[in-house]
Amino acid sequence: MYSLMSRFYSEVFPLTLDKVSFAQKSTFWGKAYRILDVGCSTGDLCMALARIGHQMTGIDLDESMIQMAANSAQNYPELTIDYQQMDIMTSSS
Ligand SMILES: C[S@@+](CC[C@H](N)C(=O)[O-])C[C@H]1O[C@@H](n2cnc3c(N)ncnc32)[C@H](O)[C@@H]1O
C-alpha cells in the first residue's frame, strides 16, 4: 500500500515541527545520538534530526519509500543517515 503513496507521501504527510521538537525534547541539546527511525517512510524526520547532528538509521518495509529517502539524502553527503529496507516484524538481525 505505501508504495502507491511514496511519491506523494511527504506532501500528503508533511513533516511537522512537533515531531522534530518531540525528538529534540527526548535528547540533550547539542549531544549527538544514534537514533533509529522505524517506519521512516521518505526520511523527512531522519533528515531533520541528522541536520541537528544525530546519526540516523531509517528502516522501512517499503522499497520505494527507502529509495526515495536514500535519493534525497544523496544531496546531503555531510549528514550521517543509513537507510535500510527491513520488516520490523520479521527482522532478527
Ligand atoms: C504511517 S507511515 C509513518 C511514517 C513516518 N514515521 C511518519 O511519521 O510520517 C508508516 C510507515 O511504516 C512502514 N511500515 C509498515 N509496516 C512496517 C514493518 N513491518 N516494518 C517496517 N516498516 C513498516 C510503512 O511502509 C510506512 O512507510
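Preceding block: the structure.
Engineer: Quick question: what am I supposed to make of the sheet that holds strand β1 (residues 34-38) here?
Structural biologist: Strands in a sheet are paired, the pairing made by backbone hydrogen bonds, and the direction either parallel or antiparallel. Here we have three strands laid out as an open sheet, ordered β1-β2-β3, and parallel in their pairing. Edge positions in the sheet fall to β1 and β3 (81-85), since each of these pairs with one other strand and no more. With direction set aside, neighbouring strand axes in the sheet form an average angle of 15 degrees. Against the sheet, helix α5 (residues 63-74) engages β2 (55-60) and β3, with an angle of about 160 degrees to β3.

Engineer: Would you take a moment to explain the environment of Gln-85 for this structure?
Structural biologist: Mapped onto the secondary structure, Gln-85 falls in strand β3. Spatially, the C-alpha atoms of Gln-85 and Ala-50 are 19 Å apart, while their sequence positions differ by 35 residues. With residues near it in sequence (within four places) discarded, Gln-85 still touches Asp-60, Leu-61, Asp-62, Glu-63 and Ile-66. A polar contact is formed between the side chain of Gln-85 and the backbone oxygen of Leu-61, at a distance of 2.9 Å.

Engineer: Teacher, can you tell me more about the site of the ligand here?
Structural biologist: In the vicinity of the ligand, 13 residues are found, and the nearest of them are Tyr-9, Lys-19, Gly-39, Asp-60 and Asp-87. In this structure, an oxygen atom belonging to the ligand sits 2.9 Å away from a side-chain N or O atom of Tyr-9. With respect to the ligand, the side chain of Asp-60 contributes an N or O atom lying 2.6 Å from an oxygen atom. Protein contacts shield 72% of the accessible area of the ligand, which totals 590 Å² for the unbound molecule. Of the residues contributing to the shell around the ligand, the split by class is seven nonpolar, two polar and four charged.

Engineer: What should I look at first to understand the nonpolar core in this one?
Structural biologist: Generally speaking, soluble globular proteins have nonpolar side chains that are buried together. Residues Cys-46, Met-47, Met-56, Ile-81 and Tyr-83 are the most contacted members of the largest nonpolar core, which totals 15 residues. Mapped onto this core, the elements with two or more residues apiece are α3 (17-25), α4 (44-51), α5 and β3. Ranked by residues supplied to this core, first place goes to α4 with five residues. If we ignore the near neighbours within four places in the chain, the residues touching Cys-46 are Asp-37, Cys-40, Met-56, Thr-57, Gly-58, Ile-81 and Tyr-83.

Engineer: Can you help me understand the environment of Tyr-76 in this one?
Structural biologist: Mapped onto the fold, Tyr-76 is located in the loop between α5 and β3. Take Tyr-76: its relative accessible area is 30%, and that puts it in the partly exposed class. Each C-alpha atom of the pair Tyr-76 and Ala-50 lies 9.9 Å from the other, and the pair is 26 residues apart in sequence.

Parameters at a glance
- Residues numbered from 1 in each chain as written.
- Predicted model: local features only at pLDDT ≥ 70, side-chain atom pairs only at ≥ 80, totals over all residues.
- Heavy atoms only, no water.
- Pairing = 2+ DSSP bridges.
- Helix = DSSP H or I, 4+ residues; strand = E, 2+ residues; numbered from the N terminus.
- Axes fitted to C-alpha atoms, helices over the stretch in contact; angles between N-to-C directions.
- Contact = heavy atoms within 4.5 Å.
- Polar contact = N/O pair within 3.5 Å; in protein donor to acceptor, adjacent residues only side chain to side chain.
- Near = heavy atom within 4 Å.
- Areas by Shrake-Rupley, 256 points an atom, 1.4 Å probe, with all protein chains shown as cover.
- Nonpolar A, V, L, I, M, F, W, Y, C, P; charged D, E, K, R; others polar.
- Core = buried A, V, L, I, M, F, W, Y, C linked by side-chain atoms within 4.5 Å.
- Buried < 20%, exposed > 50% of the residue type's maximum accessible area, 1.4 Å probe, protein only.

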